[in-house]
Amino acid sequence: MEYYLIVFCVGLAIGSFLNVCIYRMPKEESVIMTPSRCTSCGTSLKPLDLVPVISYVFLKGKCRYCGEGVSAKYPLIELLNAAVYIFLLYRFGLSVEFAAASYLASILIAVFFIDLKHYIIPDQLVIAGLAGGILLMVYNLFYPVGFYGGDRSWWNPLAGILSGSGFLFLVAVIGMLIYKTDEAMGMGDVKILAPIGMFLGWKLTVVALLLSVLLGGIISIILIAVNIKKRRDAIPFGPFIVLGTLISMVWGHDIINWYISRLMA
Ligand SMILES: [Zn+2]
């Protein structure tokens, strides 16, 4: 039980760092070298102003120095990251799968919010993901990783890159040829599928892609139907990739087994 409390606090702290990434990466500012500042008055924040969630609550959502309101999305993203960690701990227990899933999930939470607002996926997040993917790939040579379904072959994570990035790249090329533009599918989507493919292996990556397309289709239709988006508006695909990947990471093998049992019936 005490594991849950520790994991929750670590989740809040990493969530706090994700806020820095989400705020600074689109502006190409360093995420580690410069100290945190108030976005209104520019005062450097002290450690006491930066305790996840607690500082926000005690300062009643205002900057201590200028009194300007601080967006509630900061504590909410911290809480979201901590909640995801708790769920993953519940799902995978204290295991390598839990650590790997938490690492990828945090990167994907940053991808979700950055792509939603700025329509880009920063290369730094892709690189951080690849670094973790390589570690997991090496680990799988010695101990089987659950995401790969017990498949210890060295090429499985690489086949994941091919079925994820390779497939989206093909879609991008076909889209460019049909619409005669080079913006049919963002290359950021192609790139982020590389670490996702490494973490999930090829089977769960295929499930993740299918879920992303399905969710993207359904939610786009709803957004257009309720007039939040118009038919010609660009809707970023990254957030759907994030949702599809998280669902596949947690329930992918269940989905595959369910599908196969239906085929057999
Ligand atoms: Zn301020």
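Now for a look at the structure at hand.

Quick notes on the rules
Residues numbered from 1 in each chain as written. Predicted model: local features only at pLDDT ≥ 70, side-chain atom pairs only at ≥ 80, totals over all residues. Heavy atoms only, no water. Donors = N, O, S within 2.8 Å, 3.2 Å for Na, K, Ca; no water. Tetrahedral: all angles 85-135°; square planar, octahedral: opposite > 155°, others 65-115°. Helix = DSSP H or I, 4+ residues; strand = E, 2+ residues; numbered from the N terminus. Buried < 20%, exposed > 50% of the residue type's maximum accessible area, 1.4 Å probe, protein only. Axes fitted to C-alpha atoms, helices over the stretch in contact; angles between N-to-C directions. Parallel < 35°, antiparallel > 145°, perpendicular 65-115°, else oblique. Left-handed = near helix turned anticlockwise from the far one by under 90°. Contact = heavy atoms within 4.5 Å. Nonpolar A, V, L, I, M, F, W, Y, C, P; charged D, E, K, R; others polar.

**A closer look at the coordination of the zinc ion**
- For the zinc ion, the protein coordination sphere consists of Cys 38 (SG), Cys 41 (SG), Cys 63 (SG) and Cys 66 (SG), at 2.3 Å.
- One can describe the site at the zinc ion as tetrahedral: its four donor atoms subtend angles covering 104 to 119° at the metal.
- In the primary structure, the donors to the zinc ion are separated according to the pattern C-x2-C-x21-C-x2-C. Here the residue Cys 38 occupies a position in the loop between α1 (2-24) and α2 (54-58), and Cys 63 occupies one in the loop between α2 and α3 (73-92), the gap between them amounting to 25 residues. You'll find Cys 38 and Cys 63 in the same group, each marked buried.

**What to know about the packing of helix α4 (residues 96-118) against helix α8 (residues 238-264)**
- The N-to-C vectors of α4 and α8 enclose an angle of 160°; their axes lie 8 Å apart at closest approach. One finds that α4 runs roughly antiparallel with respect to α8. Considering how the two elements wind past one another, α4 and α8 form a crossing that is left-handed. Here α4 contributes Ala 101, Leu 104, Ala 105, Leu 108, Val 111, Phe 112, Asp 115 and Leu 116 to the contact with α8, which in turn contributes Gly 238, Pro 239, Val 242, Leu 243, Thr 245, Leu 246 and Met 249.
- Of the residues contributing to the contact of α4 with α8, the split by class is 12 nonpolar, two polar and one charged.

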